[in-house]
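# Coordinate inspection notes
Each chain, letter by letter, is given below.
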Amino acid sequence: MAVVVRADGVANGPSDTRSEWQLTTAETSLRGLRLTFATRQSTSTPVGTAAGSTPSLGRWPPPVPTSVGAMTSFWSQEIAAPGVARPALSTDRDADVCIVGGGYTGLWSAYELLRAEPSLEIVILEAETIGFGASGRNGGWVLGAIAGDREWWARRSGRAAVAAQDAAIRETVGHVGQVIEHEHIECDFVHGGTLRVAETALERTRLQDGIAYARSWGAGTADSVLLGADELRERMRIPSAIAATFSPHCARVQPAKLAGGLAQAVERRGASVYERSRVTAIAPGEVRTESAAVRARHVIRATEAYTARLPGLRRRLLPMRSSMIITAPLDEATWTAIGWEGAETLGDARHVYIYAQRTVDGRIAIGGRGKPYRYGSDTEGEGEADPAVAAELRARLCELFPVLADVRIDATWQGVLGVTRPWRPTVSFDPATGLAWAGGYVGEGVAAANLAARTLTDLILQRRTALTKLPWIAPLERDWEPEPLRWIGVNAVYESLRRADIAERRTGRASPFALPAKLLGITH
């Protein structure tokens, strides 16, 4: 039984005590767009959107400090503690397990291994600071879903295994909540579910088809339901929405707080965490940084999009760029107009989709993939979002909630996430070499990283469990194409998705522009 949390973040029920744990478009015009932003003020002063208000003007996009490695998003800025830093690895040492990467996959792996075997000596090496990558910048969705092609997994492992994997990721949301409660991690966790809204009849049909498809793979009637406009209005008031799906299998978190809390939890259990320790080479039994090495029987590579920086792995995962903006705190009258009292996460049914959450201090954070890929698998550019992408996100926010026409934007940011060539995450372990890897979550990694970590734990400890039979355990069968094919292909596919959205809003019919993404297995 999962921990129950009210919308205000207060625990409201018992946890299981049986065991410790059982652009919207590229053609959006910026001309005439009213940009009313101000420099960031204290969150203790809510900002309303009442007619006639005159927000002060400021720099567009609003700045996000980037002088400190961890401060690459609003989330990280919220928890930044100047002068507090973990040491870098300066001398050689031995360990049972060395984990490369201080994001969710690495931290959860350390946590689950130490929970199973407290005597293990575990070392985590992070090139920047804990949560520097996607783990500290994402939309904060603990989503009970895994991106990927079910048909491919079924051909490999059978339909029953795919259904088991779907069930496992749905259950992971509750497991994450239990850990957060047990470890007293303050990360604004609310298990409120998720809404995905349709604004056209075509999008409503797309949502209906998605529900039917999930049920054909074993999902139950309570796992996802279709809401009519009136039912949606009871939860959230979006004037353009005509329907929505609701799934209970999602929770909201402040992602950087979760990463920081996990790091403290693994340190309390005995793990050694080193920051500013960039790994230069990984080999069976040894991991090298610029100044020292760790000798370990098992090595877990948990580097997600930054895998592209490692020697010989530049084409293994593609660094996909995603951007976010966050509003100033909204006043009570604005929230009354919007609703959203259940703190559900929010998405839409467009091909170039958005993801959003209501924060604990009354803001709205919204993200999307406006300029998804830079030539050569470039992973640089953390910090402020591209101004055009940020403007598109703001415009989309105001489409969904017209009451926010004059809202102030307090910060924008961007960063990369990891995508495999088959567009599905992978968990892999070679007992002969002791090398393990997990990642490629395609932006749905907050919950999936925990399931991957528990799977790696069972594989490394040689335990035969239901998790070690899941179909995503496999070697990665192919790399991305060399440049310029990689750049051309990725950007062409995303441009076709943007054009599909434009055409579908104009005609009300499914657009052939969406076919390339479907043929490549690119999922919502």
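Remember, predicted model here, so these are calculated numbers, not experimental data. (Residues numbered from 1 in each chain as written. Predicted model: local features only at pLDDT ≥ 70, side-chain atom pairs only at ≥ 80, totals over all residues. Heavy atoms only, no water.)

### Let's talk about the packing of aromatic side chains
Going through the model one piece at a time under the given rule, you end up with 8 aromatic pairs. Measuring from centroid to centroid gives 6.1 Å for Trp108 and Tyr111, while their planes differ by 90°, and the two rings are edge-to-face. With a gap of 3 residues between them, Trp108 and Tyr111 both fall in helix α2 (residues 104-116), about one helical turn apart. With a relative accessible area of 0%, Trp108 lands in the buried category. Three or more aromatic residues link up through ring pairs in this structure, and these residues are Phe74, Trp75 and Trp413. Here the guanidinium or amino end of Arg235 rests over the ring plane of Phe246, the centre of that ring lying 4.0 Å away. Over the ring of Trp335 we find Arg358; its NZ or CZ atom is 3.8 Å from the centre of that ring. (Phe/Tyr/Trp six-rings, centres within 6.5 Å; stacked < 30°, edge-to-face > 60°. Helix = DSSP H or I, 4+ residues; strand = E, 2+ residues; numbered from the N terminus. Buried < 20%, exposed > 50% of the residue type's maximum accessible area, 1.4 Å probe, protein only. Lys NZ or Arg CZ within 6 Å of the ring centre and 35° of its normal.)

### A few points about the packing of α2 against helix α10 (residues 445-460)
Describing two packed helices takes the angle between their axes plus the distance from one axis to the other. Relative to each other, α2 and α10 sit at 40°, their axes nearing to 8 Å. With respect to each other, α2 and α10 are oriented oblique. Of the two elements, α2 crosses α10, and the hand of that crossing is right-handed. Two secondary-structure elements touch here, α2 through Tyr104, Thr105, Trp108, Ser109, Glu112, Leu113 and Ala116 and α10 through Gly445, Val446, Ala449, Asn450, Ala453, Arg454, Leu456, Thr457 and Ile460. (Axes fitted to C-alpha atoms, helices over the stretch in contact; angles between N-to-C directions. Parallel < 35°, antiparallel > 145°, perpendicular 65-115°, else oblique. Left-handed = near helix turned anticlockwise from the far one by under 90°. Contact = heavy atoms within 4.5 Å.)

### Brief notes about the side chain of Gln357
Mapped onto the fold, Gln357 is located in strand β14 (residues 355-358). A distance of 3.0 Å separates a polar side-chain atom of Gln357 from the backbone oxygen of Val253. With residues near it in sequence (within four places) discarded, Gln357 still touches Trp75, Gly139, Gly140, Arg252, Val253, Trp340, Arg363, Ile364 and Ala365. (Polar contact = N/O pair within 3.5 Å; in protein donor to acceptor, adjacent residues only side chain to side chain.)

### Structural notes on the pairing of strand β11 (residues 293-301)
Across the 9 residues of β11, 7 count as buried, placing the element largely inside the fold. Here strand β1 (residues 93-100) runs beside β11; their pairing, made up of 7 bridges, is parallel. Across the sheet, Cys98 pairs through a bridge with Val299, a residue of β11. Two elements, strand β10 (residues 286-289) and β11, share 3 bridges in a ladder whose sense is antiparallel. Counted as the bridge partner of Val287 is Val294 from β11. Linking β10 back to β11 in an antiparallel pair, the connection comprises 3 residues. Sheet topology note: the β11/strand β18 (residues 435-439) ladder contains 3 bridges and is parallel. Within β18, the residue paired with Ile300 across the bridge is Ala436. (Pairing = 2+ DSSP bridges.)

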